[in-house]
Amino acid sequence: MREPARRHEGTTAVEPFALDRYLGRWYEIARLDHGFEEGLDCVTATYSLRDDGGVRVVNRGVDLSEGEASEAVGKAYFVAGEDTGRFKVSFFGPFYGGYNVLALDEDYTTAIVGGPNRDYLWILAREPALPAAERSALVAQAAAMDFDTAELIYPRRGAACAPYRDE
């Protein structure tokens, strides 16, 4: 029996979901802050296939005040079937947390991702920056899902990140 796609009240993981289109690099446009990304700018998440059928997750960011780059490598696996954007993700051994693609444009160029509860939110894009109107529309969409968008952090991008690009 498949687990339902619903994750927290008022949100549903994207269906249908195509992992092959989601793979690759995403830039963090905004996030709700949390300890494991605190103080980081120039944040990217890169997804690739693992040999065991899962997804390799590489999160990178830079503490620009210290000039220190940070990288976390994890793994993710589908929770509700391969056509639903709902995963369990682990960066710390056997412990897994929820990762739910809650909104995704049809071209797979922008996404809204939530964690296991409304304390975690990421707005992602394939490009380092979005036009203001597009960014505002994504923030409004997240607010409509009852995320506290007044608390969003917008990491710095652009020239400050150039020395840390791994492209």
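A brief report on the enclosed structure follows. Residue positions are given per chain, counting from 1 as you read along its sequence in written order. Where totals are concerned, whole chains, interfaces and linings use all residues; where local detail is concerned, this predicted model gives features only for residues with pLDDT of at least 70, and gives and counts side-chain atom pairs only at 80 or more. With hydrogens and water excluded, all non-hydrogen atoms of the structure serve as input to the side-chain values.

**Some details on the overall build of the protein**
Here is step 1 of the chain: Helix and strand definitions follow DSSP, with helices as H or I runs of at least four residues and strands as E runs of at least two, each counted in order from the N terminus. Helix and strand counts for the protein stand at 2 helices and 9 strands.
Here is step 2 of the chain: Moving toward the C terminus, one meets the helices and strands of the protein in the order α-β-β-β-β-β-β-β-β-α-β.
Here is step 3 of the chain: When its C-alpha atoms are laid out on the principal axes, the protein stretches across 50 × 35 × 30 Å.
Here is step 4 of the chain: Considering the protein as a whole, with its 167 residues, one finds that 43% of them fall into the buried category. When a residue's accessible area, from a 1.4 Å probe over protein chains only, is under 20% of the maximum for its type it is buried; when over 50% it is exposed; and in between it is partly exposed.

**Some points on the state of the cysteines**
Here is step 1 of the chain: In this description, the term disulfide denotes a pair of cysteine sulfurs within 2.5 Å. Inspection of every chain in the model, using the stated rule, returns 1 disulfide.
Here is step 2 of the chain: At a sulfur-sulfur separation of 2.0 Å, the disulfide partner of C42 is C161. Residues C42 and C161 are joined by a disulfide whose S-S torsion is about -85 degrees; by sign, that bridge is left-handed. Highlighted residues: C42 in strand 2 (residues 41–49) and C161 in the segment after strand 9 (152–153), separated in sequence by 119 residues.
Here is step 3 of the chain: A residue is classified by how much of its surface remains accessible, and C42, at 8% relative accessible area, is buried.
Here is step 4 of the chain: The exposure class assigned to C161 is buried, which follows from its relative accessible area of 4%.

**A few points about the packing of aromatic side chains**
Here is step 1 of the chain: Two rings from Phe, Tyr or Trp (for Trp, the six-membered ring) form a pair when their centres are within 6.5 Å of each other. A pair whose planes differ by under 30 degrees is stacked, one over 60 is edge-to-face, and the rest are tilted. In the structure shown here, the tally under the stated rule is 13 aromatic pairs.
Here is step 2 of the chain: Their ring planes at 25 degrees and their centres at 6.1 Å tell us that Y120 and W122 sit as a pair that is stacked.
Here is step 3 of the chain: Relative accessible area serves as the criterion here: at 25%, Y120 is assigned to the partly exposed category.
Here is step 4 of the chain: Each residue in the set F17, Y22, W26, Y47, F78, F87, Y99 and Y108 is aromatic and connected to the rest through ring pairs, giving one cluster.
Here is step 5 of the chain: Criterion for a charge above a ring: Lys NZ or Arg CZ within 6 Å of the ring centre, and within 35 degrees of the ring normal. Seen from the ring of Y154, R135 lies directly overhead, with NZ or CZ sitting 4.2 Å from the centre.

**Things to note about the pattern of salt bridges**
Here is step 1 of the chain: In the sections that follow, a salt bridge refers to a side-chain nitrogen of Lys or Arg positioned within 4 Å of a carboxyl oxygen of Asp or Glu. Under the criterion given, the structure shown has 6 salt bridges.
Here is step 2 of the chain: One salt bridge in this structure joins D41 and R156, with 3.4 Å as the shortest N-O distance. Of this pair, D41 sits in strand 2 while R156 sits in the segment after strand 9, and the two are 115 residues apart along the sequence.
Here is step 3 of the chain: For D41, a relative accessible area of 10% gives the class buried.

Everything listed here is a matter of coordinates, which is why it stays silent on function.
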